[in-house]
Amino acid sequence: MLLRLPTSVSEAQECLAEGAVPVGGATLVWATWQREGFPELAMSLRKLPQANVIGAERLGAAVLLGQIGGRVPDVLRRAAGTVGTGAVRRAATVGGNLVGSALRCLLPAALVLDARATVLESDGVRETDLAEVVAKRPLLLNLHWSAPLACAYRKLPADAGAPPPLVVASALHAGDGAGAGAGYGVRVTVAVRDGYEVFEGAAVTGADPEETLESLRATALGDLPAAAWRVVRPQVLDLLARER
């Protein structure tokens, strides 16, 4: 297998045109390659500047999960810190988790940040939403978002071999961004991974926290089981209390 390490977007485009298989830390594909055979040509973005940025409003796809620190919103930092073991986090990448993993542990955190994705295709760079990233699995360069007013994250413990643990992420945003409540004051966004499915919803906050919760129940979050709402409810109430 020949591994290419492009240092520019144009060089990465050339690799794609040549049929290079994108690979990050290879934590999800190495066993498959050993079993089914290695590709002739692979490509890593670890030398591409656009894929290695870490900041308050941007995160590169080639960044290792173990490298994510306090420069990103706490919801994203905590999500990365709960993925696998320390050895996994020292090899696994942001792009690999969002595009290559069935669990997508970072997805709820990215959703509540209203993150957008920059992706690379053979005909150039473009921006898209996370729904397309999950559905079509393009070559992810980075994520970007507007910093939230506050955010929260919780991942329930789970035994080895058990179903994926429940994940609840939430964030408060000024209402001048995208999504429900844009332009109308503060809004709360919530994303929950229940099993392998991710549910999300948003609502404009009001004087009565219970009304905000009822508005969230009117979104896709209303399909969650009662056990999930026992985690969602206190997290949202705590987040709303920070607004005051």
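Just so it is clear, the model here is predicted, and its values are computed rather than measured.

Trainee: Please give an account of the side chain of R104 that cites residues and values.
Mentor: Tracing the backbone through its elements, the reader meets R104 in the loop between α5 (94–100) and α6 (107–112). Although buried, R104 forms no salt bridge, and the nearest oppositely charged side chain, E197, lies 11 Å from it. Aside from chain neighbours lying at most four places away, what touches R104 is N97, L98, V99, V134 and R137.

Trainee: With reference to specific residues and values, describe the packing of aromatic side chains.
Mentor: Scanning the entire structure with this criterion turns up zero aromatic pairs. The ring of W229 carries R217 above its face, with NZ or CZ at 4.0 Å from the centroid.

Trainee: Describe the pairing of strand β6 (residues 124–128), listing the residues and the values that go with them.
Mentor: Bridge count for strand β5 (residues 116–121) against β6 is five bridges, and the pairing is antiparallel. Bridged to V119 within β6 is R126.

Trainee: Tell me about the sheet that holds strand β8 (residues 150–155), and please be specific about residues and values.
Mentor: With antiparallel pairing, four strands are arranged side by side in an open sheet as β8-β9-β10-β11. The open sheet has two free edges, formed respectively by β8 and β11 (197–204), since each of these has just one partner strand. Averaged over neighbouring strand pairs, the angle between their axes works out to 10° when direction is ignored. Strand direction decides the pairing type here: β8 and strand β9 (residues 167–173), joined by six bridges, are antiparallel. What sits directly across from Y153, in β9, is A169.

Trainee: Before we move on, can you summarise helix α8 (residues 209–217) with the specific residues and values?
Mentor: Of all the residues in α8, the buried ones are P209, T212, L213 and L216. All buried residues of α8 lie within an arc of 100° about the axis, which places them on one face of the element. Exposed residues pointing more than 90 degrees away from the buried face of α8 are listed as E211 and E214. Buried positions along α8 lie against β10 (187–194), β11 and α9 (226–243). Measuring from the backbone nitrogen of E210 back to the side-chain oxygen at the start of α8 gives 3.0 Å, which picks out D208 as the cap.

Trainee: Before we move on, could you go through unusual backbone geometry and cite the residues and values that matter?
Mentor: One non-glycine residue with positive phi stands out, namely D114, at about 60°. Structurally, D114 is set in the loop between α6 and β5. Judged by its relative accessible area of 28%, D114 falls in the partly exposed class. At R137, a residue that is not glycine, the phi angle is positive and equals roughly 55°. Looking at the element boundaries, R137 is found in the loop between α7 (130–136) and β7 (139–144).

Trainee: Lay out the pairing of β10 with the relevant residues and their values.
Mentor: Counting buried residues in β10 gives seven out of eight residues, a clear majority hidden from the surface. For β9 and β10, the ladder comprises seven bridges, and the chain directions are antiparallel. The residue bridging V167 from the neighbouring strand is R193, located in β10. In this structure, the hairpin formed by β10 and β11 is closed by a connection of two residues, where G195 is found at a positive phi of approximately 70°.

Analysis parameters
- Each chain has its residues counted from 1, running along the sequence as written.
- Confidence filtering applies because this is a predicted model: local features only for residues at pLDDT of at least 70, side-chain atom pairs given and counted only at 80 or more, and all residues used for totals across whole chains, interfaces and linings.
- In computing side-chain properties, one takes all heavy atoms of the structure into account and sets aside hydrogens as well as water.
- Elements are defined by DSSP. Helices are runs of H or I of four residues or more, strands are runs of E of two residues or more, and each kind is numbered from the N terminus.
- For every residue, the accessible area obtained with a 1.4 Å probe (protein chains only) is divided by the maximum for its type, and the residue is called buried under 20%, exposed over 50%, and partly exposed between those limits.
- As used throughout, the charge tally considers Lys and Arg to be positive and Asp and Glu to be negative, leaving His and the chain termini uncounted.
- We define a salt bridge as a contact between a side-chain nitrogen of Lys or Arg and a carboxyl oxygen of Asp or Glu at a distance within 4 Å.
- We call two residues in contact when some of their heavy atoms are within 4.5 Å.
- Aromatic pairs are defined between Phe, Tyr and Trp rings, using the six-membered ring for Trp, whenever the two ring centres lie within 6.5 Å; interplanar angles under 30 degrees are classed as stacked, those over 60 as edge-to-face, and all others as tilted.
- We call a charge positioned above a ring when the Lys NZ or Arg CZ atom is no farther than 6 Å from the ring centre and deviates by at most 35 degrees from the ring normal.
- Strand pairing is assigned whenever DSSP detects at least two bridges linking the two strands.
- Angular values range over 0 to 180 degrees, each being the angle between N-to-C directions of two axes fitted as lines to C-alpha atoms, with helices fitted over their stretch in contact.
- Arc, as used here, means the arc of the directions from the helix axis to the C-beta atoms.
- In protein, a polar contact means a hydrogen-donor-capable atom and an acceptor-capable atom, both N or O and within 3.5 Å, with residues adjacent in sequence counting only if both atoms are side-chain atoms; elsewhere, any N or O pair within 3.5 Å suffices.

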